There are 2 protein chains.
Amino acid sequence: MAGRRESQKQEREARVLRAATVLFARRGFERTTMQDIARRARLAVGTIYNYFRSKPEIILALVQRDTLAGLEAGEAMLKDPPGDPVVAVQTLLEEAVAPFARHDRDLWRELTAAALRDPGLTHGFFAADVRVIALLAALLRELSARGDLRADLDPGRGAVCLYGIFFSLWMGHLIDESVTYETFRAELRACVALAMHGYLERAQGGSP
Amino acid sequence: MAGRRESQKQEREARVLRAATVLFARRGFERTTMQDIARRARLAVGTIYNYFRSKPEIILALVQRDTLAGLEAGEAMLKDPPGDPVVAVQTLLEEAVAPFARHDRDLWRELTAAALRDPGLTHGFFAADVRVIALLAALLRELSARGDLRADLDPGRGAVCLYGIFFSLWMGHLIDESVTYETFRAELRACVALAMHGYLERAQGGSP
DNA sequence: GCTAGAATATGAACTGATTCAAGTTTTATC
DNA sequence: GATAAAACTTGAATCAGTTCATATTCTAGC
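Source: prediction; values computed, not measured.

**Remarks on the relation of the copies chain A and chain B**
Here comes step 1: Overlay of chain A on chain B (RMSD 0.0 Å): rotation 180°, translation along the axis 0.0 Å. Such a turn and shift between the copies fits a two-fold axis. Closest to the rotation axis within chain A is the C-alpha of G198 of chain A, separated from it by 1.6 Å.
Here comes step 2: Most of the interface of chain A is mirrored in chain B, where 100% of its interface residues again form contacts.

Written as structure tokens, this is what we have:
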């Protein structure tokens, strides 16, 4: 019976992920050992390493479905963006992160840290950021085509700026437990509004 | 002779830092073991832990002098900022990071990762960011007082936005070895210019 | 200058992620 | 259905950071 191996593999990988989900939620990432996960998944420790290259890579797998969901929500929104350009950008960013809130900050911190240290994780982790920047750029191009934005500014760079604001607020939320998810969202909205409003006195800018 | 202990302590801490500097530069952070550092500093491993709470905390100590130098350069600039507000912000940020380039990206990545995971490091590491944001806010307030900026925008939030742009570009530079320090600086200048220029078509903004 | 007690230094033991040589199961072929 | 090769599993061994009980050094008071 061809394919026994394949189905067994899928089932085992799923067992690891289920075990990790429960244990990470119960004791946190650091206090969960690979032994714990292996025991709960009824596997040997070494076996887990056939499915995941490292402990943090398990988080990446847990989180990936949600980053994809966020990207898809963002793409869907692009098809028919809100009329107000500020609201459009706010909505895109909020929809892209919304699924992230499903996971403990603990896990995001560990995964982000691992992505910084382990070249094998860097690409997989930051690929989502690259795609959000691309979505933002597409949105800005569309808004620009509509005539809602100054045409002399580069949408790619605008996307980088807006994403940067988003990213650093998200990191602030991760680092500081006193910043709730709601506070983060409110700040994000406010900052996007400010950034898009422009900061220079009108007299200084391009056309007089 | 009172104070023998004190001077011995200082000397030993310095020995650890010197050893770490050499070894990190030679083999990188990860491939340098605490044993290696201890051997080179002519101390026992355990002794290092009387001076530094963890391996990454050694990096923090190495880097701290430079973050302070950056902050002081920024403060000095605040006393007499360039006439052009865009140049003023660019200069502040560039002077604040300039000393960071003294250290391998390797070390910054490891330190940033550790600051995310270890609550004992978080505050010490991100304190510098908080202070740069405060400097930026002060600068924006001053530029605003001068009449160079729109008075209706919150300088604190403006600082958060500008810092966010800076921070994410810096992270991009850390993560992606193909982004040179010079590329990073050029992007930073361009993005700050764009962000301060504003992104909305003039017709949309505040006064008609 | 001796000594009690505090402060430091020491390295062997501990911990937990990761690796790897040996054993087991699956598949494809005849 | 027997078999050889491939794929997968296993857990004991490895490795490096951190801890901790013990030993050493310093200080202050006599």
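Further notes follow.
**Concerning the environment of T33 of chain A**
All names here are of chain A.
Here comes step 1: Tracing the backbone through its elements, the reader meets T33 in the loop between helix 1 (4-27) and helix 2 (34-40).
Here comes step 2: Its 13 C-beta neighbours within 10 Å are what place T33 among the partly exposed residues.
Here comes step 3: For T33 and V45, which are twelve residues apart along the polypeptide, the C-alpha to C-alpha distance reads 9.8 Å.

**Here's the deal with the protein's contact with DNA strand C**
Here comes step 1: Around DNA strand C, a shell composed of 23 residues is seen, among which R4, T33 and G46 of chain A together with A44 and G46 of chain B lie nearest.
Here comes step 2: Contributions of two or more residues to the surface near DNA strand C are made by helix 1, helix 2 and helix 3 (45-51) of chain A together with helix 1 (4-27) and helix 3 (45-51) of chain B.
Here comes step 3: Classifying every residue of the surface near DNA strand C by side-chain character gives eight nonpolar, nine polar and six charged.

**Comments concerning the protein's contact with DNA strand D**
Here comes step 1: As a matter of local geometry, DNA strand D sits amid 22 residues, with A44 and G46 of chain A together with R4, T33 and G46 of chain B nearest to it.
Here comes step 2: Elements supplying a minimum of two residues to the surface near DNA strand D: helix 1 and helix 3 of chain A together with helix 1 and helix 3 of chain B.
Here comes step 3: Taken together, the residues of the surface near DNA strand D break down into eight nonpolar, eight polar and six charged.

**Topic: helix 7 (residues 119-145) of chain A**
All names here are of chain A.
Here comes step 1: Between its terminal C-alpha atoms helix 7 stretches 39 Å, which fits the 39 Å expected from 27 residues at 1.5 Å a residue.
Here comes step 2: A127 marks the point of greatest bend in helix 7, at about 35°.
Here comes step 3: Buried positions along helix 7 lie against helix 4 (55-79), helix 5 (85-97), helix 6 (105-117) and helix 8 (155-175).
Here comes step 4: Looking one or two places after helix 7, you find G147, whose phi comes out positive at around 90°.

**Side note on the interface of chain A and chain B**
You'll often see interface size given as the accessible area lost when the parts meet.
Here comes step 1: If you look at the interface, chain A gives 40 residues, while chain B gives 40 residues.
Here comes step 2: The set of elements that each furnish at least two residues to the side of chain A that touches chain B consists of helix 6, helix 7, helix 8 and helix 9 (181-197) of chain A.
Here comes step 3: Among the elements that line the side of chain A that touches chain B, the one with the most residues is helix 8 of chain A, at eleven residues.
Here comes step 4: Residue composition of the side of chain A that touches chain B, grouped by class: 20 nonpolar, eleven polar and nine charged.

**Digging into the packing of helix 8 of chain A against helix 9 (residues 181-197) of chain B**
Any two packed helices are characterised by how steeply their axes cross, that is the angle between the axes, and by the distance between the axes.
Here comes step 1: Following both chains from N to C, one finds helix 8 of chain A and helix 9 of chain B inclined at 85°, their axes separated by 9 Å at the closest point. If you check the angle between helix 8 of chain A and helix 9 of chain B, you find them roughly perpendicular. Here R157, G158, V160 and C161 of chain A of helix 8 of chain A come into contact with helix 9 of chain B, specifically with A190, C191, L194 and A195 of chain B.
Here comes step 2: Classifying every residue of the contact of helix 8 of chain A with helix 9 of chain B by side-chain character gives six nonpolar, one polar and one charged.

The rules behind these values
Residues numbered from 1 in each chain as written. Chains lettered and ligands numbered in written order. Predicted model: local features only at pLDDT ≥ 70, side-chain atom pairs only at ≥ 80, totals over all residues. Least-squares fit on C-alpha atoms with pLDDT ≥ 70 in both. Contact = placed C-beta atoms within 7 Å. Helix = DSSP H or I, 4+ residues; strand = E, 2+ residues; numbered from the N terminus. Buried ≥ 20, exposed ≤ 12 C-beta atoms within 10 Å, placed from the backbone. Near = placed C-beta within 6 Å. Nonpolar A, V, L, I, M, F, W, Y, C, P; charged D, E, K, R; others polar. Expected span 1.5 Å × (residues − 1). Bend = angle between axes of the 7 residues up to and from the residue. Axes fitted to C-alpha atoms, helices over the stretch in contact; angles between N-to-C directions. Parallel < 35°, antiparallel > 145°, perpendicular 65-115°, else oblique.

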